[in-house]
Amino acid sequence: MRIAVGVVGAGYWGPNLIRNFYQLPAAQVTWCADLDPDRLARMQALYPGVQVTTEYRDLLDDQNLDAIVLAAPARTHYEM
């Protein structure tokens with residue numbers, strides 16, 4: 001069984017986390033959320049099949065998601 005992972009933030013750390021999870025046989029990156037559509041397009045081009053959104057709440061609504069990784073600026077973590 002693979003763990004379904006979503007990543008919030010595709011700026012500085014997010015792409016590294018997505019790449020590492022994508023390469024793990026036990027993980028499946030299913031979501032990437034970021035406010036910047038250009039960043040989302042880049043992640044989708046690099047990782048086909050990953051759903052992208054500008055709204056992190058979309059990840060919270062996905063009942064098939066096992067884990068969410070916050071790679072957004074630390075000042076936003078509490079709100080999320």
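The preceding data block contains the structure.
Residues numbered from 1 in each chain as written. Predicted model: local features only at pLDDT ≥ 70, side-chain atom pairs only at ≥ 80, totals over all residues. Heavy atoms only, no water.

What to know about the overall build of the protein
Alright, step 1. The secondary structure content of the protein amounts to three helices and four strands.
Alright, step 2. If you list the helices and strands of the protein from N to C, you get β-α-β-α-β-α-β.
Alright, step 3. Whereas a compact globule of 80 residues would reach a radius of gyration of roughly 12 Å, the protein reaches 11 Å, a difference of no more than 12%.
Alright, step 4. Taken along its principal axes, the extent of the C-alpha atoms in the protein is 35 × 25 × 20 Å.
Alright, step 5. Put simply, the protein has 80 residues, and 36% of those count as buried. (Helix = DSSP H or I, 4+ residues; strand = E, 2+ residues; numbered from the N terminus. Rg over C-alpha atoms; globule rule 2.2 N^0.38 Å. Buried < 20%, exposed > 50% of the residue type's maximum accessible area, 1.4 Å probe, protein only.)

A closer look at the packing of aromatic side chains
Alright, step 1. For the structure on display, the rule yields two aromatic pairs.
Alright, step 2. Ring geometry for Y12 against W13: centres 5.4 Å apart, planes inclined by 90°, an arrangement best described as edge-to-face. In this pair, the class of Y12 matches that of W13, namely exposed. (Phe/Tyr/Trp six-rings, centres within 6.5 Å; stacked < 30°, edge-to-face > 60°.)

A few points about the nonpolar core
Alright, step 1. One finds V5, V7, I18, C32, M43, Y47 and V50 to be the most contacted residues of the largest nonpolar core, which totals 13 residues.
Alright, step 2. Within the residue set of this core, elements represented by two or more residues are β1 (3–8), β2 (27–33) and α2 (37–46).
Alright, step 3. Per-element tally for this core: the top contributor is β2, with three residues.
Alright, step 4. Not counting the four nearest positions on each side in its chain, C32 is found in contact with V7, A10, I18, L40, M43, V50, Q51, V52 and T53. (Core = buried A, V, L, I, M, F, W, Y, C linked by side-chain atoms within 4.5 Å. Contact = heavy atoms within 4.5 Å.)

Description of the sheet that holds β2
Alright, step 1. Taken in spatial order, the four strands of this open sheet run β3-β2-β1-β4, and their pairing is parallel. Either end of the sheet is taken by a strand with one partner, and the two such strands are β3 (51–53) and β4 (67–70). Recorded for the sheet is a direction-independent mean angle of 25° between the axes of neighbouring strands.
Alright, step 2. On the sheet, helix α1 (residues 14–23) packs against β1, β2 and β4 and is oriented at approximately 155° with respect to β2. (Pairing = 2+ DSSP bridges. Axes fitted to C-alpha atoms, helices over the stretch in contact; angles between N-to-C directions.)

Considerations on the environment of Q63
Alright, step 1. Residue placement: Q63 occurs in the loop between α3 (57–61) and β4.
Alright, step 2. You can call Q63 exposed: its relative accessible area is 72%.
Alright, step 3. On a C-alpha basis, the gap between Q63 and L46 in space is 25 Å, while along the polypeptide they are 17 residues apart.

Digging into the side chain of T53
Alright, step 1. One can find T53 in strand β3.
Alright, step 2. For T53, a relative accessible area of 9% translates into the label buried.
Alright, step 3. One polar contact links the side chain of T53 to the main-chain amide nitrogen of E55, over a distance of 3.1 Å. (Polar contact = N/O pair within 3.5 Å; in protein donor to acceptor, adjacent residues only side chain to side chain.)

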